[in-house]
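Single-letter residue listing:
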Amino acid sequence: MLNLAVLVSGRGSNLQAIIDRIESGNLDAQISVVVSNAADAYGLIRAKNYGIPTRTLSPRDYSDRRDYDGALARMIEKFHPDLIVLAGYMLVLTPAFLDVFPQRVINIHPALLPAFPGTHAQKQALDYGVKVAGCTVHFVDAGTDTGPIIAQRVVPVLDDDTEDTLAARILEQEHMILPTVIQWIAQGKVELKGRKVFVKD
């Protein structure tokens, strides 16, 4: 069974999708801790509702991001995670964190990377006039949404879409693809070679 640490910054709907898949018996994982950079993140409440331990660590309490990420890594190390899942975590992790967990951090992003990295990806897609959008699960490196891609889901962009309506349809796909990728990893199906990811049948 895969031991997870999940990082959230806000509502935690992707966290809920992971919990739901575990509860249904279709994800061979357990969540050992949910950590947030924001004390008021609703994702922490979701975790507490299921008896999952939570922690909060604010960047404001540290002199720089390297110190913060080092403290974050030490906090999470105590839970011995096999995989760290960024489920709506809004900070870019530095090598001070990533070097502690090489090839063990994944992220869900609401765009078809490498297009539209960073924040407000849905607005970027609409402004650019694309006909399809979607979401990406990828390994995390020190760049902004630049890590090797594991899987993607596509949604059409409708003529009357707003940022909110497009985001909602993408989010539905996020809730399906993120737990699926975690299950692939639990089953040993995901292999990273250089910057290419291979998923075994």
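It should be noted that the structure appears before, not after, this text.
Counting restarts for each chain: residues are numbered from 1 in the order of the written sequence. With pLDDT at 70 or above as the cut-off, local features in this predicted model cover only qualifying residues; side-chain atom pairs require 80 or more to be listed or tallied, and sums for whole chains, interfaces and linings still use all residues. Computation of side-chain values: all heavy atoms of the structure, hydrogens and water removed.

What to know about the pattern of salt bridges
Side-chain pairing between opposite charges can occur once the charged atoms of the two side chains come close.
Part 1 of the reasoning: By definition here, a salt bridge exists when the distance from a side-chain nitrogen of Lys or Arg to a carboxyl oxygen of Asp or Glu is within 4 Å. The full count for this structure, using the stated rule, is five salt bridges.
Part 2 of the reasoning: Among the salt bridges present, the one from Arg 195 reaches Asp 141, with a minimum N-O distance of 3.4 Å. Note that Arg 195 is positioned in the loop between β8 (190-193) and β9 (196-199) and Asp 141 in the loop between β6 (132-139) and β7 (149-156), a separation of 54 residues in sequence.
Part 3 of the reasoning: Accessible area is worked out with a 1.4 Å probe on protein chains only. A residue is then buried under 20% of its type maximum, exposed over 50%, and partly exposed in between. Judged by relative accessible area, Arg 195 falls into the exposed class, the value being 53%.
Part 4 of the reasoning: Asp 161 is the salt-bridge partner of Arg 169, the closest N and O atoms lying 2.8 Å from each other.
Part 5 of the reasoning: Accessibility expressed as a relative area gives 21% for Arg 169, which makes it partly exposed.
Part 6 of the reasoning: Taking the relative accessible area as the measure of exposure, Asp 161 reaches 13% and is therefore buried. Secondary structure follows DSSP: runs of H or I at least 4 residues long count as helices, runs of E at least 2 residues long count as strands, and numbering of each begins at the N terminus.

What about the layout of surface pockets?
Part 1 of the reasoning: Roughly 830 Å³ of volume is contained in the largest pocket.
Part 2 of the reasoning: With a 1 Å grid laid over protein atoms only, a set of points is called a cavity when a 1.4 Å probe fits there but cannot get out and a pocket when it is open yet has protein on both sides within 12 Å along at least five of seven lines; lining residues have an atom within 4 Å of a point. For the largest pocket, the lining is made up of 34 residues, of which Gly 88, Tyr 89, Met 90, Ile 108 and Pro 110 are closest to its centre.
Part 3 of the reasoning: Every element with two or more residues in the lining of the largest pocket is listed here: α1 (13-23), β5 (105-109), α5 (121-128) and α6 (163-186).
Part 4 of the reasoning: Top contributing element to the lining of the largest pocket by residue count: α6, with six residues.
Part 5 of the reasoning: Note on residue classes: Ala, Val, Leu, Ile, Met, Phe, Trp, Tyr, Cys and Pro are nonpolar, Asp, Glu, Lys and Arg are charged, and everything else, Gly too, is polar. Here the lining of the largest pocket is composed, by residue class, of 14 nonpolar, 14 polar and six charged. Grid points are joined across faces, edges and corners, and a volume is the space filled by probe spheres set on the points.

Examining α6
Each full turn of the α-helix corresponds to 3.6 residues, which orients residues three or four apart in the same direction.
Part 1 of the reasoning: Every helix has an expected span of 1.5 Å times one less than the residues it contains. Helix length check: α6, at 24 residues, gives a terminal C-alpha distance of 34 Å against a target of 34 Å (1.5 Å per residue), a fit within 8%.
Part 2 of the reasoning: Following α6 by one or two positions, Gly 188 adopts a phi angle in the positive range, close to 75 degrees.

A word on the nonpolar core
Nonpolar side chains tend to gather and get buried jointly when the protein is soluble and globular.
Part 1 of the reasoning: With 39 residues, the main nonpolar core has Leu 4, Ile 106 and Ile 182 as its most contacted residues.
Part 2 of the reasoning: Examining the composition of this core, we find that seven residues originate from one element, α6, more than from any other.
Part 3 of the reasoning: Contacts are residue-level and defined by heavy atoms, with any inter-residue pair within 4.5 Å sufficient. Those residues within four positions of Leu 4 in sequence are excluded, and the remaining contacts are Ile 18, Ala 29, Gln 30, Ile 31, Ser 32, Val 33, Pro 81, Leu 83, Val 85 and Ile 182. We call a set of buried residues a nonpolar core when its members are Ala, Val, Leu, Ile, Met, Phe, Trp, Tyr or Cys and they connect through side-chain atoms within 4.5 Å of each other.

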